[in-house]
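# Architecture at a glance
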Amino acid sequence: MKQLYEKDQVSVSLEMLEHPTAVVAVPYALERKLLFFGAFTGANVLRHDPPDRYVFNYRASYAEETDAVVRYLVKLRRIPIKQIAVFAQQDTYGDSGFGRCLEGGGALGVSDATIVRLNYKRNTVDVDDAINQLKLQKPPIKAVVMVATYRAAAKFIEKTHDLFPGLIYTNVSFVGSTALADELMLLGPRYASGVIVTQVVPAVSGYSSIVLEYKNALAKYFPGEAPDYVSLEGYVCGQRSDPGA
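Residues numbered from 1 in each chain as written. Predicted model: local features only at pLDDT ≥ 70, side-chain atom pairs only at ≥ 80, totals over all residues. Heavy atoms only, no water.

## Structural notes on the side chain of Gln89
As a reminder, the rule being used: Think of it this way: any DSSP run of H or I at least four residues long counts as a helix, any run of E at least two long counts as a strand, and we number them from the N terminus. Burial classification: accessible surface area is computed with a 1.4 Å probe over protein chains only, and a residue below 20% of its type maximum counts as buried, one above 50% as exposed, and the rest as partly exposed. Pairs of N or O atoms within 3.5 Å make up the polar contacts considered here, provided that, within protein, one atom can donate a hydrogen while the other can accept it, and that residues adjacent in sequence are counted only when both atoms are side-chain atoms. In what follows, residue pairs with any heavy atoms lying within 4.5 Å of each other are defined as contacts.
Residue position: Gln89 is located in strand β4 (residues 84–89). Accessibility expressed as a relative area gives 2% for Gln89, which makes it buried. A distance of 2.7 Å separates the side chain of Gln89 from the side chain of Asp91, its partner in a polar contact. Here Gln89 is in contact with Gly94, Asp95, Arg117, Tyr120, Arg122, Val147 and Thr149, once residues within four sequence places are set aside.

As structure tokens, then:
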């Protein structure tokens with residue numbers, strides 16, 4: 001951020017990655033009146049009320065994603081909230097997602113004490129402690145809301161898939177559903193089947209005008225590159241940040 005602003009004289013910061021990065025970058029941008037647009041995170045540090053003057057979000061928040069999935073699990077899948085756990089990265093990204101799940105449970109009239117958090121350390125795939133904690137839960141957990149990176153999520157699914165038959169797995173869009181699917185398919189199709197990932201952009205497989213434009217641009221400038229949700233979100237943000245688009 002410092003180099004972009006002071007040396008390259010950039011006036012707009014686009015699509016900054018991750019909550020921990022934004023925690024440091026946003027104050028720097030606000031102090032210098034630098035436009036901060038379309039960050040690739042749903043964290044609450046970018047969603048103050050009233051909103052920060054120079055921060056513009058283009059994606060849904062983790063609050064909206066986790067609220068939607070908790071409501072889906074409780075209302076449609078008929079899973080008691082005390083049988084839902086959160087598998088979360090042990091940092092501000094995980095904190096944000098877990099906190100929003102608590103709020104979602106609260107909105108349904110349930111005490112936050114009934115939602116269990118299963119942690120793993122940032123930048124690792126060490127999920128054993130989380131799995132050991134999952135084994136101790138009574139009544140048994142029926143669904144896990146994951147606020148995780150794709151490799152950690154895949155490792156968690158791999159190690160729990162046969163231990164807990166029928167366990168429902170969900171994850172927020174930050175995971176990168178294409179990357180998660182590819183990682184799970186390496187383990188075998190049965191690991192990828194039924195995993196739910198919330199999205200903040202239209203379906204990559206759909207035929208909306210923005211998706212068709214994106215696929216045409218991808219084929220033109222990056223031939224051979226497969227469409228996925230992360231690059232689609234980048235394309236959408238780039239298009240909407242360009243006054244001439």
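## Description of the environment of Lys82
Its place among the elements puts Lys82 in the loop between α3 (62–76) and β4. Here the alpha-carbon distance between Lys82 and Gln137, two residues 55 residues apart in the chain, equals 9.7 Å.

## Considering helix α7 (residues 177–187)
Rule in force here: This arc describes the spread of directions from the helix axis toward the C-beta atoms.
Listed as buried for α7 are Ser177, Leu180 and Leu184. All buried residues of α7 fall inside an arc of 65 degrees around its axis, so they share one side. Positive backbone phi, at 135 degrees, marks Gly188, one or two positions downstream of α7.

## Topic: the sheet that holds β4
Quick reminder of the rule: A pair of strands is treated as paired once DSSP finds two or more bridges between them.
In space, the five strands of this open sheet follow the order β5-β4-β6-β7-β8, with parallel pairing throughout. The outermost strands of the open sheet, each flanked by one partner alone, are β5 (116–120) and β8 (196–197). When strand β7 (residues 168–171) meets β8, the two strands line up parallel, connected through two bridges. Looking at β8, one finds that Thr170 is bridged to Ile196.

## Regarding the nonpolar core
Put simply, the test is: To define a nonpolar core, start from buried Ala, Val, Leu, Ile, Met, Phe, Trp, Tyr and Cys residues and group those joined through side-chain atoms within 4.5 Å.
Counting 31 residues, the largest nonpolar core has Phe36, Leu46, Leu73, Ile84, Val86 and Val145 as the members making the most contacts within it. Elements represented by at least two residues in this core include exactly α2 (19–31), α3, β4, α4 (92–107) and β6 (143–147). Look past the residues within four positions of Ile84 in its chain and what remains in contact with it is Leu73, Val74, Ile79, Thr114, Ile115, Val116, Ile141, Ala143 and Val145. Phe87, Val127, Val144 and Tyr191 belong to the second-largest nonpolar core, a separate cluster that totals 26 residues.

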